[in-house]
Amino acid sequence: MSTDAVAGLDEIRPALTDLYKDLHAHPELSFAEHRTAGVIAERLTGLGLEVTTGVGRTGVVGALRNGAGPMVLLRADFDALPVTERTGLPYASETDGVMHACGHDMHVTCLLGALDLLNGARDSWSGTVLAVFQPAEEIGAGARAMVDDGLYDRFGRPDVVLGQHVGPFPAGWLGAHAGPAFAATDALDVRMYGRGGHGSRPETTIDPVVMAAATVMRLQTVVSREVSGNDTAVVTVGAIQAGTKDNIIPDEAELKINIRTFTEAVRGKVLAAVERVIKAEAAASGAPRGPEIGTEYTFPVVTNDPAATERTMAAFRDRFGADHVIDPGPATGSEDVGHFATSAGVPICYWLFGGCDPETFLTALKNDRVEQDVPSNHSPGFAPVIEPTVTAGVTAMVTAALTWLGPAAG
Ligand code: ZN
Ligand code: ZN
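Residues numbered from 1 in each chain as written. Chains lettered and ligands numbered in written order. Predicted model: local features only at pLDDT ≥ 70, side-chain atom pairs only at ≥ 80, totals over all residues. Heavy atoms only, no water.

**Re the overall build of the protein chain**
Part 1 of the reasoning: In terms of regular secondary structure, the protein chain is built from 12 helices and 16 strands.
Part 2 of the reasoning: In terms of overall dimensions, the protein chain is globule-like: its C-alpha atoms have a radius of gyration of 24 Å, near the 22 Å expected for 410 residues.
Part 3 of the reasoning: For the protein chain, the spread of C-alpha atoms along the three principal axes comes to 85 × 45 × 40 Å.
Part 4 of the reasoning: Every one of the 410 residues in the protein chain was classed for burial, and the buried ones make up 52%.
Part 5 of the reasoning: For the protein chain, the accessible surface area stands at approximately 17200 Å², while carbon and sulfur atoms represent 51% of it.
Part 6 of the reasoning: Across the protein chain, 30 positive and 51 negative side-chain charges occur, with their mean positions spaced 6 Å apart. (Helix = DSSP H or I, 4+ residues; strand = E, 2+ residues; numbered from the N terminus. Rg over C-alpha atoms; globule rule 2.2 N^0.38 Å. Buried < 20%, exposed > 50% of the residue type's maximum accessible area, 1.4 Å probe, protein only. Areas by Shrake-Rupley, 256 points an atom, 1.4 Å probe, with all protein chains shown as cover. Lys, Arg positive; Asp, Glu negative; His and termini not counted. Charge placed at Lys NZ, Arg CZ, Asp CG, Glu CD.)

Listed below in structure tokens is the structure:
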């Protein structure tokens, strides 16, 4: 591996800082990332890469071809969230109610920095870097949209998929878990039907409020009573909606349910149990018609290939020091990055990199206040410290890519 590929980082660091601040100030929601895609395309063109926009709606692909050799897919997602920013940063979101609260702006900055360095170090590697800038990760739709838009037919099939996500732990630290690493998500939208009427005459109605309440309670037993203590699953009813006024019994109730699992077997079991409980509670209430259970979105499990993960983590241990590379275990968070690997039939290594100021983190750890003092992804206070996070993220991306690309030509 070339040891000097990241030497050029000092030179581009100020520009990457400015780029990050600009992206952070201009967040855009899933599939509406037009400005962000434009900024990315402009940068890629500036680097002299082959650039294609509009892949999977707002996705951008940059190809850096450097002779025969492996093709390595490097992925960065770039959508933001419907969150009102409360970081107080001078470069905070300029759009009300939209925020880069998951750090995808950091992913874009680090991948663009890595491409700049790989481009400058072309004499030290061979093959093709396929840079995939993916929209709409937060709704689990962007990876699929890009693959369905012919990503691999148009640009070739990679030998490996590599990607990274910033998280609330010290910058300069990296972590990956081999095997099922990020949970599958199934988000369900459920409508339960009753028969409305006057609140004073419940005997003439079928009350969907009681029906929905009983369903919520019974759903709590799916994980506690039906899933083995050796397996992991989460069932959360995140929204319940019915009625308008105290003396009106409404016609229907709506539930929004979020399910996290790590294997197809457990996923199938939990989904079947949830469906059974919803239908049975509707029947128990005497519902005039069966409930409707719709899927709002799904994320597949991200299963890190054990060999690919070890190969990449070994390179990280060399670069960052063995004490800075950890196995964080499986996370109940979800990601659609795995779709790039499963649809190509190739291994993936997807790792986490820290975005928290190391001092701040250690102080919080010492005071047993990490949960209170270190805002996590999706929180209105999530604010990765720009440095040394960008340096670590760029270095990790370059290091991982060079681990998989071919050696310098002849
Ligand atoms: Zn994210
Ligand atoms: Zn997120």
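**Points about the sheet that holds strand β6 (residues 174–175)**
Part 1 of the reasoning: With mixed pairing, 8 strands are arranged side by side in an open sheet as β1-β2-β4-β3-β5-β16-β6-β15. Strand pairing shows two members of the sheet lacking a second neighbour, β1 (50–55) and β15 (325–326), which therefore form its edges.
Part 2 of the reasoning: Note: β6 against β15, 2 bridges, orientation parallel. Pairing of leucine 174 across the sheet is with valine 325, part of β15.
Part 3 of the reasoning: Against the sheet, helix α10 (residues 358–366) engages β5 (160–170) and β16 (348–356), with an angle of about 60° to β5. (Pairing = 2+ DSSP bridges. Contact = heavy atoms within 4.5 Å. Axes fitted to C-alpha atoms, helices over the stretch in contact; angles between N-to-C directions.)

**A few points about the sheet that holds strand β10 (residues 233–242)**
Part 1 of the reasoning: The strand order β10-β12-β8-β13 describes an open sheet built from 4 strands, whose pairing is antiparallel. In this open sheet, the two edge strands, each paired with only one partner strand, are β10 and β13 (292–299). The sheet shows a mean angle of 15° between the axes of neighbouring strands, direction not considered.
Part 2 of the reasoning: In the sheet, strand β8 (residues 184–193) pairs with strand β12 (residues 252–261) via 10 bridges, with the strands oriented antiparallel. Counted as the bridge partner of leucine 188 is isoleucine 257 from β12.
Part 3 of the reasoning: Each of β8, β10 and β12 is contacted by helix α6 (residues 208–226), which is oriented at about 170° to β10, the strand it contacts most.

**Description of the nonpolar core**
Taken as a class, soluble globular proteins show a tendency for nonpolar side chains to be buried jointly.
Part 1 of the reasoning: Of all hydrophobic cores here, the largest spans 67 residues; its most connected members are Leu118, Phe133 and Trp351.
Part 2 of the reasoning: With 11 residues, helix α12 (residues 386–404) is the largest single contributor of residues to this core.
Part 3 of the reasoning: Listed in part, the 30 residues of the second largest apolar core include Val161, Phe169, Ala181 and Ala341. (Core = buried A, V, L, I, M, F, W, Y, C linked by side-chain atoms within 4.5 Å.)

**Topic: the packing of helix α1 (residues 9–25) against helix α3 (residues 104–120)**
Part 1 of the reasoning: Taken N-terminus to C-terminus, the directions of α1 and α3 make an angle of 150°; their axes are 9 Å apart at the nearest point. For the element pair α1 / α3, the angle class is roughly antiparallel. As for the relative orientation of α1 and α3, their crossing is right-handed in sense. Counted together, Leu9, Ile12, Leu16, Leu19, Tyr20, Leu23 and His24 of α1 and Asp105, Met106, Val108, Thr109, Leu112, Gly113, Asp116 and Leu117 of α3 form the full contact between these two elements.
Part 2 of the reasoning: Per-class residue counts for the contact of α1 with α3 are 10 nonpolar, 3 polar and 2 charged. (Parallel < 35°, antiparallel > 145°, perpendicular 65-115°, else oblique. Left-handed = near helix turned anticlockwise from the far one by under 90°. Nonpolar A, V, L, I, M, F, W, Y, C, P; charged D, E, K, R; others polar.)

**Brief notes about the coordination of the zinc ion (ligand 2)**
Part 1 of the reasoning: In the first shell of the zinc ion (ligand 2), the protein supplies Cys102 (SG), Glu138 (OE), Glu138 (OE) and His378 (NE2), at 2.1 to 2.7 Å from the metal.
Part 2 of the reasoning: Around the zinc ion (ligand 2) sit 4 donor atoms, and with donor-metal-donor angles ranging over 52 to 150° the site reads as irregular.
Part 3 of the reasoning: Here the donor residues of the zinc ion (ligand 2) share one chain and are spaced in sequence as C-x35-E-x239-H.
Part 4 of the reasoning: A spacing of 3.0 Å is found between the zinc ion (ligand 2) and the zinc ion (ligand 1), which share cysteine 102 as a donor. In this pair, cysteine 102 is assigned in the loop between β3 (71–77) and α3 and glutamate 138 in the loop between β4 (127–134) and α4 (142–148), connecting sequence segments 36 residues apart. Of the two residues examined, cysteine 102 and glutamate 138, each falls in the buried class. (Donors = N, O, S within 2.8 Å, 3.2 Å for Na, K, Ca; no water. Tetrahedral: all angles 85-135°; square planar, octahedral: opposite > 155°, others 65-115°.)

**A few points about the packing of aromatic side chains**
Part 1 of the reasoning: Enumeration over the complete set of coordinates arrives at 5 aromatic pairs.
Part 2 of the reasoning: Here phenylalanine 182 and tyrosine 350 contribute two aromatic rings whose centre-to-centre distance is 5.5 Å and whose plane-to-plane angle is 70°, an arrangement assigned as edge-to-face. You can see phenylalanine 182 sitting in strand β7 (residues 179–182) and its partner tyrosine 350 sitting in strand β16, a full 168 residues away along the chain. Note on accessibility: phenylalanine 182 and tyrosine 350 belong to one class, buried.
Part 3 of the reasoning: Taken together, a centroid distance of 5.0 Å and an interplanar angle of 75° make the contact between phenylalanine 316 and tryptophan 351 edge-to-face. (Phe/Tyr/Trp six-rings, centres within 6.5 Å; stacked < 30°, edge-to-face > 60°.)

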